[in-house]
Amino acid sequence: MKIIQSAFFKISLIALMSLCVTTTALAQERGNDEPRTSPNATVSQTIGTTDITITYGRPAVNDRTIFGDLVPYGEVWRTGANEATALVVSKDVTIEGNKLEAGTYSLYTIPGKDEWTIIINSKLSWGTQYDKSKDVFRFTVEPQKADFIERLLFYFEDVSNESATVVLHWDNTKVPFTISI
């Protein structure tokens, strides 16, 4: 029995050390000591007892035409800059009528003039490595005209113990969608 416990301990220790080395290597690959042109941001909200976290890169308008030009209509967009935008839910939720299990996902979008497709994808990657076969689900929402904002921003509105509206806001466009528990 002691031999089995000793072997299990050694295997567990090796696995833990491998995880630490891998995590450190991945953290180092994300950048260097220089500030990013599009800095990362994280926003979190608790709905009831469920934590929702969105981590994303915040590109700036910089006097450019954003939607329909820099971000083309009808094409998959990483919905931010740098790495794909990450959505983490601590418990199962419903997003615009679609059930989503607790976990970590990428959030991609397909912008359109009158309709946006929101994509929840199970693959986390650098933003240009989108894999459609990893889509968990898609849904459509209507964009709204909004006051100008220079840097891409995610925030939560209409927060209750049962739901909240996630808002993607950049340039003169807001794209809301609802998460319910």
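Numbers given for residues are sequential positions, taken from 1 along each chain in its written order. Where local features are concerned, this predicted model is filtered to residues with pLDDT of at least 70; where side-chain atom pairs are given and counted, the filter is 80 or more; whole-chain, interface and lining totals use all residues. Side-chain measures were taken over the full set of non-hydrogen atoms in the model, leaving aside hydrogen atoms and water.

> What exactly am I supposed to notice about the sheet that holds strand 8 (residues 135-141) here?
The strands that make up a sheet pair up through hydrogen bonds in the backbone, lying either parallel or antiparallel. A pair of strands counts as paired when DSSP detects no fewer than two bridges linking them. Counting from the N terminus, the helices are the DSSP runs of H or I reaching at least four residues and the strands are the DSSP runs of E reaching at least two. Read across the open sheet, the six strands follow the order 1-2-3-6-7-8; overall the sheet is antiparallel. Of all strands in the sheet, those bounded by a partner on one side alone are strand 1 (40-47) and strand 8. The sheet shows a mean angle of 20° between the axes of neighbouring strands, taken without regard to direction. Across five bridges, strand 3 (residues 85-89) lies against strand 6 (residues 103-110) in antiparallel orientation. For V88, the partnering residue across the bridge sits in strand 6 and is T104. Note on geometry: axes are C-alpha line fits, over the in-contact stretch for helices, and angles between N-to-C directions span 0 to 180 degrees.

> Help me understand the pairing of strand 9 (residues 144-157) in this model?
In summary, the side chains of a regular strand alternate between the two faces of the sheet. With eight bridges connecting them, strand 9 and strand 10 (residues 163-180) associate as antiparallel partners. Bridge pairing in strand 10 links K145 to T173.

> Would you explain unusual backbone geometry in this entry?
Leave glycine aside and you will find that most residues have negative phi; peptide bonds, for their part, are mostly trans. We note that E96 has phi near 45°; this positive angle belongs to a residue other than glycine. Summarising the element assignment, E96 is placed in the loop between strand 4 (93-95) and strand 5 (98-100). Phi is positive for D158, which is not a glycine, with a value near 50°. Tracing the backbone shows D158 in the loop between strand 9 and strand 10.

> What is the right way to read the confidence of the model for the protein chain from this model?
Regions with low pLDDT should not have their predicted coordinates read in detail. By definition, pLDDT measures how confident the predictor is in each residue, and it falls between 0 and 100. Looking at the protein chain, pLDDT values average 85 and 80% of them are 70 or higher. The low-confidence segment residues 5-30, where pLDDT is below 50, has three contacts with residues more than four positions distant or belonging to other chains. Whether two residues are in contact is decided by their heavy atoms, any of which lying within 4.5 Å being enough.

> Please explain the packing of aromatic side chains as it appears in this structure.
In this description, an aromatic ring pair is defined by two values, namely the gap between the centres and the angle between the planes. Centres within 6.5 Å are what make two rings of Phe, Tyr or Trp a pair, Trp counting through its six-membered ring; a difference in plane orientation under 30 degrees is then read as stacked, over 60 as edge-to-face, and the rest as tilted. One pass over the full model with this rule turns up nine aromatic pairs. Each ring, one from W77 and one from W116, has its centre 6.3 Å from the other, and the planes form 75°; the classification is edge-to-face. Taken together, the residues W77 in the loop between strand 2 (50-57) and strand 3 and W116 in strand 7 (residues 116-121) connect sequence positions 39 residues apart. By the burial criterion, W77 is buried, and W116 matches it. Grouping aromatic residues by their ring pairs yields a cluster made of F67, W77, W116 and W170. Type-normalised accessible area, obtained with a 1.4 Å probe on protein chains alone, sets the label of each residue: buried when under 20%, exposed when over 50%, and partly exposed for intermediate values.

> What's the story with the sheet that holds strand 5 in this structure? I'm lost.
Taken in spatial order, the four strands of this open sheet run 5-4-10-9, and their pairing is antiparallel. The strands lining the two open edges of the sheet, one partner per strand, are strand 5 and strand 9. The average undirected angle you get between the axes of adjacent strands in this sheet is 35°.

> What am I meant to see in the side chain of T53 here?
Structurally, T53 is set in strand 2. Within the local environment of T53, its side chain forms a polar contact with the side chain of S44, the two groups lying 3.0 Å apart. Each residue touching T53, except ones within four places of it in the same chain, is listed here: T42, V43, S44, A86, L87 and V88. We call two N or O atoms a polar contact when they sit within 3.5 Å, provided that within protein one can donate a hydrogen and the other can accept it, with sequence-adjacent residues counted only if both atoms are side-chain atoms.

> Explanation requested: the side chain of T85 in the structure shown.
The residue T85 is located in strand 3 in this model. When its relative accessible area of 0% is taken as the criterion, T85 is described as buried. One polar contact links the side chain of T85 to the main-chain carbonyl oxygen of T79, over a distance of 2.5 Å. When neighbours within four sequence positions are excluded, T85 is seen to be in contact with I54, T55, Y56, R78, T79, G80, Y105, S106, L107 and F154.

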